[in-house]
Amino acid sequence: MRFIPFVVLFLSFVVTSKAQDNTRQTGPIIQDYGPVFSVKNPDFITDTTKVYKVVFDIHNTPDDPTKVNPMLNTLARFLNMHAGAGVPLKNLKVVGVFHNKATHDVLENAGYQAKYGVKNPNLSLLTALNEVGAELYICGQSIGARGVD
């Protein structure tokens, strides 16, 4: 059993030692969101010819209504990370499904402001995701349960 912690520690060192630095950068697809680390000589090379299809379950939201939902940043990070590895945007099929507490994160400013007293901090990221072809859906059951018109 002593071997397992050593392996985990060793693998952690190998993975973290390959990062060029601790600076994250946004883009090339979504600017200002979804920052990624640059990794030198990765052990796994992303196949740039494959089509990647991912559905993100967005069900939670920050307690602070002035904060961007971190799961939206995860969508942007997925796009930026794969594009940075050379995967063309046409090969990245990303879907975000909003439900539960995150249902309100897609409200227009007027509705969000009426509920939380501030403008919706998610709108610029939602717009950026939409502009690059990410599909964003709201669960019909959550619309009813959360009283969203």
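From a predicted model like this one, the values you see are computed outputs, not experimental measurements.

Asker: Tell me what's going on with the overall build of the protein chain, and back it up with residues and numbers.
Answerer: For the protein chain, the helix and strand inventory stands at five helices and five strands. Put simply, the protein chain runs from its N terminus to its C terminus through helices and strands in the order α-β-β-β-α-β-α-α-β-α. Across the 149 residues of the protein chain, 30% fall into the buried class. In the protein chain, the proportion of contacts linking residues at least 24 apart, taken out of those at least 6 apart, comes to 66%.

Asker: Help me get a handle on the sheet that holds strand β3 (residues 52-58), residues and values and all.
Answerer: Reading across from one edge, β3-β4-β5 is the order of the three strands in this open sheet, with parallel pairing throughout. A strand with exactly one partner marks an edge of an open sheet, and here the two such strands are β3 and β5 (135-138). Across the sheet, the axes of successive neighbouring strands diverge by a mean angle of 15 degrees, strand direction being ignored. Looking at chain direction, β3 and strand β4 (residues 92-98) are connected through seven bridges and run parallel. In the strand pairing of β4, V54 is matched with V94. Helix-sheet contacts for helix α2 (residues 70-84) involve β3, β4 and β5, and the interaxial angle to β3 is about 165 degrees.

Asker: For the nonpolar core, give the residues involved together with the corresponding values.
Answerer: Nonpolar side chains in soluble globular proteins generally cluster together in the buried interior. Among the nonpolar cores identified, the biggest contains 22 residues, and I30, I58, L72, L79, L92, L125 and L129 are the most heavily contacted of them. Listed by contribution, the elements that provide at least two residues to this core are β3, α2, β4 and α4 (123-131). Apart from the residues lying within four places of it in its own chain, the contact partners of I58 are N69, M71, L72, L75, G96, V97, F98, H99 and A102.

Asker: Explain the environment of V87 to me, and be specific about the residues and the numbers.
Answerer: Its place among the elements puts V87 in the loop between α2 and β4. A relative accessible area of 3% places V87 in the buried class. Put simply, V87 and T49 are 38 residues apart on the chain and 7.1 Å apart in space, counted from C-alpha to C-alpha.

Asker: Would you mind going over the environment of C139 in detail, with residue names and values included?
Answerer: Looking at the secondary structure, you find C139 in the loop between β5 and α5 (140-146). Once the C-alpha coordinates of C139 and N100 are considered, the two residues, 39 residues apart in sequence, prove to be 8.4 Å apart. Ignoring sequence-local partners within four residues, the contact set of C139 consists of F98 and H99.

Here is what the cut-offs are and how they apply
- Residues numbered from 1 in each chain as written.
- Predicted model: local features only at pLDDT ≥ 70, side-chain atom pairs only at ≥ 80, totals over all residues.
- Heavy atoms only, no water.
- Helix = DSSP H or I, 4+ residues; strand = E, 2+ residues; numbered from the N terminus.
- Buried < 20%, exposed > 50% of the residue type's maximum accessible area, 1.4 Å probe, protein only.
- Contact = heavy atoms within 4.5 Å.
- Pairing = 2+ DSSP bridges.
- Axes fitted to C-alpha atoms, helices over the stretch in contact; angles between N-to-C directions.
- Core = buried A, V, L, I, M, F, W, Y, C linked by side-chain atoms within 4.5 Å.

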